[in-house]
Amino acid sequence: MDLSLSTRNVSGPGGDRTVVEVGGEIDVYTAPKLREQLVELVNDGSYHLVVDMEGVDFLDSTGLGVLVGGLKRVRAHEGSLRLVCNQERILKIFRITGLTKVFPIHTSVDEAVNATD
Amino acid sequence: MATVELRFSAQPEHVRTARLVAAAVARRAGVDEAVLDEVRLAVGEACTRAVGLHRSNGISAPVRVALTEEEKSFSIEVGDEVPGSGGGAAGSVPGVRSTTGPGAGPAEAETDTEADGEDEMGLAVISGLVDDVEVVTGASGGTIRMSWPTTPAPVSS
């Protein structure tokens, strides 16, 4: 399965948020597409991103690298990158790499959009 | 001899194929369903690392994946053809046994720092997932060897 990406803007209590809905497999082949999308959003001035990973079937370290790169970019603009994920097998990868301490991980897009901390 | 052996050109798009084949052979070998996700991820990480090493070193040889069904375990070996590719990074990742094969000189273990970082991330994921993992560095290339226990198929009467 390939990677699917779609974005939409939602306004929350902290201001506008851009939700990036990701589906399919994020690996060494498809991760560059996600990287391009995140870079493009930041270049266009979207600094508060919510990456919805509920439709992701597979994530590897290349995908983690892209998310960390995205976080670095939004932080350079005082922005945020929040993840939405409830899938145990995906969460496990964040846990074993210690990235649960780096990314705020939410159980729903609403929760992520409304987060103001 | 390996149960199934795979050779693929060092292109990112083939890593998915390796994951699918490895998971299919592991399932047949009796690796627990709950562990198949780990097998898929670990073999993907090892292949991604090998593809990256081949590409950054301009090596046109294919990446090798050997899937072997043993009596009580299932093992996967992913081999690259980059001399001295395993040692440096593997040594710094806790939980990964690092073995230096004959002829691997320390001078050969130099890679550029950016690729090195991604390498370690992949190895960190592998070591977090797989209890039995060994990285062997040799003069002709490196090998990541991983194994999982299998449960014998129930005997049908």
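Quick note: structure is the one above.
The present account deals with the structure reproduced in this document.

The rules behind these values
Residues numbered from 1 in each chain as written. Chains lettered and ligands numbered in written order. Predicted model: local features only at pLDDT ≥ 70, side-chain atom pairs only at ≥ 80, totals over all residues. Heavy atoms only, no water. Helix = DSSP H or I, 4+ residues; strand = E, 2+ residues; numbered from the N terminus. Buried < 20%, exposed > 50% of the residue type's maximum accessible area, 1.4 Å probe, protein only. Contact = heavy atoms within 4.5 Å. Buried area = accessible area lost by both parts, 1.4 Å probe. Salt bridge = Lys/Arg side-chain N within 4 Å of Asp/Glu carboxyl O. Polar contact = N/O pair within 3.5 Å; in protein donor to acceptor, adjacent residues only side chain to side chain. Nonpolar A, V, L, I, M, F, W, Y, C, P; charged D, E, K, R; others polar. Pairing = 2+ DSSP bridges.

What follows concerns unusual backbone geometry. All names here are of chain A. Despite not being glycine, Glu 78 shows a phi value in the positive range, around 60°. The residue Glu 78 is located in the loop between helix H2 (61-75) and strand S4 (80-84) in this model. We classify Glu 78 as exposed; its relative accessible area is 69%.

Let us look at the environment of B:Pro62. Tracing the backbone shows B:Pro62 in the loop between helix H2 (33-56) and strand S2 (63-69). Sequence-distant contacts of B:Pro62, defined by excluding residues within four places in its chain, comprise B:Arg7, B:Phe8, B:Ser9, B:His54 and B:Glu81.

The next thing to look at is the interface of chain A and chain B. Chain A puts 18 residues into the contact, and the matching count from chain B is 16 residues. Buried area between chain A and chain B, both sides added, is near 1500 Å², and the carbon and sulfur share of it is 61%. Run the count over chain A and chain B and you get five salt bridges. Ionic pairing is found between B:Asp37 and A:Arg89, a salt bridge with its closest N-O pair at 3.0 Å. Where chain A touches chain B, the interface holds six residue pairs in polar contact (both at pLDDT 80 or more). Elements represented by at least two residues in the side of chain A that touches chain B include exactly strand S3 (48-59), H2 and helix H3 (88-96) of chain A. Residue composition of the side of chain A that touches chain B, by class: nine nonpolar, four polar and five charged.

Within a sheet, neighbouring strands are paired by backbone hydrogen bonds and run either parallel or antiparallel to one another. All names here are of chain A. Taking strand neighbours across the sheet as the criterion, the five strands line up as S1-S2-S3-S4-S5 in an open arrangement whose pairing is mixed. Every other strand in the sheet has two partners, leaving strand S1 (4-12) and strand S5 (105-106) as the edge strands with one partner each. The sheet contact formed by S4 and S5 spans two bridges and is parallel. Directly across from Leu 83, in S5, lies its bridge partner Ile 105.

Tracing the backbone through its elements, the reader meets B:Glu120 in helix H4 (residues 113-129). Each C-alpha atom of the pair B:Glu120 and B:Arg49 lies 9.1 Å from the other, and the pair is 71 residues apart in sequence.

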